[in-house]
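Coordinates in review
One-letter residues, chain by chain:
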Amino acid sequence: MTSNESILAKLPAGASAITIDAAGALVVPDQPAVGFIEGDGIGPDIWAATRLVLDAAVSKAFSGARRLHWLELLAGEKAHQATGEYLPQATIEGIRDLKVALKGPLTTPVGGGFRSLNVTLRQVLDLYACIRPVRYIPGVPSPVKRPQDVDMVIFRENTEDVYAGIEWPAGSPEAREVVQFLNDKLGTHLDPEAAIGIKPMSRTKTRRLVRMALEYALAQGRPSVTLVHKGNIMKFTEGAFKDWGYELAAEYGGKFAPEGDEAAQDQIVIKDRIADNMFQQALLRPADYSVLAMPNLNGDYLSDALAAQVGGLGMAPGANIGDDAALFEATHGSAPKYAGQDKVNPGSLILSGVMLLEHLGWAEAAQLIPTALSKAIQAGQVTYDLARQIEGAEEVACSAFARQVVEHM
Ligand code: NAD
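First things first, this report covers the structure right here in the doc. Everything quoted here is computed from the prediction, not taken from an experiment.

Quick word on the side chain of N118
On the secondary structure map, N118 appears in helix α5 (residues 117-124). Using a relative accessible area of 13% as the deciding quantity, one classes N118 as buried. Once residues lying within four places of it in the same chain are set aside, the contact partners of N118 are K103, L106 and E329.

Structure (structure tokens):
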């Protein structure tokens, strides 16, 4: 038996596997087995808080007719102690088999040439879309005047772009060889000692990312999809991203109408913005934007900038999704200095869990949580990070905050 078979063979009583049908849609039983990676550092604290809140929401929404069976998958320090590996193959196959998992933050092992475990997971599972909903939770301190105008969902391409890590140091044999090839064969005049990075962008990988954004907009009844790019300068990569995006939207039989189309009625608007302008727009006219699709590097910058606009990374949820699996995760790291102190804000992982419930199609449970979270914050008993920003607030532990959220459901 391979480890791939073993997790499905070990499902607890009552649990069934989530499957994907021939059309690529998720088929979710009433009692699905869902994976979890506890995570390093503060991971165990925020995972315990998150589980409490998610299970309570499911129980309240479905009165016992549905429940989640959480199956632990080992990664990070815990995996290293148990198996000698930071990212066991069984965990990768477990996520692929279960289709859906929630992940706490993982510390990047120092030394030994380790890459980030998070990046490795994204690459080996081909989780090609990084999805970040950015919405204001009333009560959270924000640096802008009208954070409530922000309600955007970012779809960031996860596998291509200068971000794919194809680069060589200045003066290395590889960089020199590439420079020589470009100068000799393609007429460039690069400094022979230049460092080189490659920015690949393909039609196939752009289309699958944009398709996910378009499908999301259709399913959720969103008013617009914006392609964010730097195609005015990088015409054949970023510019092509935009063109391929419009091309795909046009294949939807009139469901998407270009911005300014006078004849458009009840269609979702498809538009594009140059990335630098988009940063201004996000601050000046956030209400004009809903779903955003963008290449890897733009997406990295804009995701964090928008998260800051509604109160920072401590409350920002995220997911990395591919055709075979979806991994929902806190956007912050493992904050080792607070490990085991039951102190930090579990909001990011809880809201990532909300995305997981939405992904399962369990909207009734998902929608209970942001409101309860907001009420708990407005009641003024919050974790240290919020307590120091909200006048008159009382600091409570991570676990106590989670219990407050459940009480407000
Ligand atoms: P970090 O996000 O762990 O911490 C940055 C700051 O934010 C710290 O001051 C921390 O105390 C605070 N913070 C983080 N989460 C918080 C929460 N939930 N509530 C309140 N405060 C919170 O970033 P870092 O220190 O750069 O990284 C620590 C480790 O985490 C590194 O090994 C890094 O590689 C890893 N990391 C993992 C992920 C991931 O798993 N997706 C993401 C980023 C960093």
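Still to come is the rest of the account.
Notes on the environment of A319
Topologically, A319 is positioned in strand β14 (residues 317-321). Residues within four places of A319 in sequence aside, it is in contact with A129, C130, I131, L327, F328, E329 and M355.

Some remarks on helix α4 (residues 89-98)
By the criterion of burial, α4 is predominantly enclosed, with 7 of the 10 residues buried. Considered for burial, the residues of α4 that qualify are T91, I92, E93, G94, I95, D97 and L98. Of the residues one or two after α4, K99 is the one with positive phi, at around 75°.

Things to note about the site of the ligand
The local shell around the ligand holds 19 residues, among which L106, T108, G333, A335 and N345 are the closest. Taking S334, its main chain carries an N or O atom lying 3.0 Å from an oxygen atom of the ligand. Burial of the ligand by the surrounding chains reaches 65%, relative to a free accessible area of 810 Å². Residue composition of the shell around the ligand, by class: 8 nonpolar, 7 polar and 4 charged.

Some thoughts on the packing of aromatic side chains
For the structure shown, the criterion picks out 6 aromatic pairs. Arranged with centres 5.0 Å apart and planes meeting at 80°, the rings of W47 and W70 form a pair that is edge-to-face. One end of the pair, W47, is in helix α2 (residues 43-62); the other, W70, is in strand β4 (residues 69-72), with 23 residues separating them in the sequence. With respect to class, W47 is no different from W70; both count as buried. Centre to centre, the rings of F62 and W362 are 5.5 Å apart; their planes meet at 70°, and the pair counts as edge-to-face. Remark: W362 occurs in the loop between α11 (347-359) and α12 (363-366) and F62 occurs in helix α2; sequence separation between them is 300 residues. When its relative accessible area of 2% is taken as the criterion, W362 is described as buried. Every member of this aromatic cluster is reached through a ring pair, and the members are F36, W47 and W70. The ring centre of Y163 lies 5.0 Å from the NZ or CZ of R156, which sits over that ring. The aromatic ring of Y289 is capped on one face by K271, whose charged end is 4.5 Å from the ring centroid.

Considering the environment of Q378
Relative to the elements of secondary structure, Q378 occurs in helix α13 (residues 368-378). Sequence spacing of Q378 and S202 is 176 residues, and the spatial spacing of their C-alpha atoms is 46 Å. A polar contact of 2.8 Å, which involves the side chain of Q378, links it to the side chain of S374.

Notes on the pairing of strand β5 (residues 100-103)
Burial along β5 is two-sided: V100 and L102 facing one way and A101 and K103 facing the other are all buried. Sheet analysis places strand β3 (residues 33-37) next to β5, joined by 3 bridges and oriented parallel. In the strand pairing of β5, I37 is matched with K103. As defined by bridge partners, β5 adjoins strand β15 (residues 326-330) across 4 bridges and the pair is classed as parallel. Across the sheet, L102 pairs through a bridge with F328, a residue of β15.

Looking at the packing of α11 against α13
Two elements in contact, α11 and α13, have axes whose closest approach is 9 Å; the angle formed by their N-to-C orientations is 160°. By the angle class used here, α11 and α13 are roughly antiparallel. The interaxial crossing formed by α11 with α13 has left-handed handedness. Mapping the contact onto sequence places I350, L351, V354 and L357 in α11 and I369, P370 and L373 in α13. Broken down by class, the residue content of the contact of α11 with α13 amounts to 7 nonpolar, no polar and no charged.

Re the nonpolar core
Counting residues in each nonpolar core, the largest one holds 93 residues, and the members touching the most others are L214, L292, L306, F328, L357, I369 and I377. Counting residues per element, this core draws most heavily on α2, at 9 residues. Once residues lying within four places of it in the same chain are set aside, the contact partners of L357 are L54, V58, L68, W362, A363, A365, A366 and I369. Among the nonpolar cores identified, the runner-up in size contains 20 residues, and A33, L73, Y86 and A101 belong to it.

Comments concerning the sheet that holds strand β13 (residues 291-294)
In spatial order, the strands read β4-β3-β5-β15-β14-β6-β7-β13-β10-β12-β11; together these 11 strands make up an open sheet with mixed pairing. Either end of the sheet is taken by a strand with one partner, and the two such strands are β4 and β11 (256-258). The average angle at which neighbouring strand axes cross in this sheet is 25°, direction not considered.

With respect to helix α15 (residues 398-407)
Side chains that are three or four residues apart share a direction in an α-helix, a result of its 3.6 residues per turn. Of the positions making up α15, those classed as buried are C398, A400, F401, A402, Q404 and V405. Its buried side turned inward, α15 meets α2, α13 and β16 (381-382).

Examining the side chain of T226
Along the chain, T226 turns up in strand β10 (residues 224-229). The buried category is assigned to T226, whose relative accessible area is 0%.

Some points on unusual backbone geometry
Unusually for a residue other than glycine, S63 sits at a positive phi of about 45°. Tracing the backbone shows S63 in the loop between α2 and β4. The phi dihedral of D161 falls on the positive side, at around 80°, and the residue is not glycine. Positionally, D161 belongs in the loop between β7 (151-157) and β8 (167-168).

Rules and cut-offs
Residues numbered from 1 in each chain as written. Predicted model: local features only at pLDDT ≥ 70, side-chain atom pairs only at ≥ 80, totals over all residues. Heavy atoms only, no water. Helix = DSSP H or I, 4+ residues; strand = E, 2+ residues; numbered from the N terminus. Buried < 20%, exposed > 50% of the residue type's maximum accessible area, 1.4 Å probe, protein only. Contact = heavy atoms within 4.5 Å. Near = heavy atom within 4 Å. Polar contact = N/O pair within 3.5 Å; in protein donor to acceptor, adjacent residues only side chain to side chain. Areas by Shrake-Rupley, 256 points an atom, 1.4 Å probe, with all protein chains shown as cover. Nonpolar A, V, L, I, M, F, W, Y, C, P; charged D, E, K, R; others polar. Phe/Tyr/Trp six-rings, centres within 6.5 Å; stacked < 30°, edge-to-face > 60°. Lys NZ or Arg CZ within 6 Å of the ring centre and 35° of its normal. Pairing = 2+ DSSP bridges. Axes fitted to C-alpha atoms, helices over the stretch in contact; angles between N-to-C directions. Parallel < 35°, antiparallel > 145°, perpendicular 65-115°, else oblique. Left-handed = near helix turned anticlockwise from the far one by under 90°. Core = buried A, V, L, I, M, F, W, Y, C linked by side-chain atoms within 4.5 Å.

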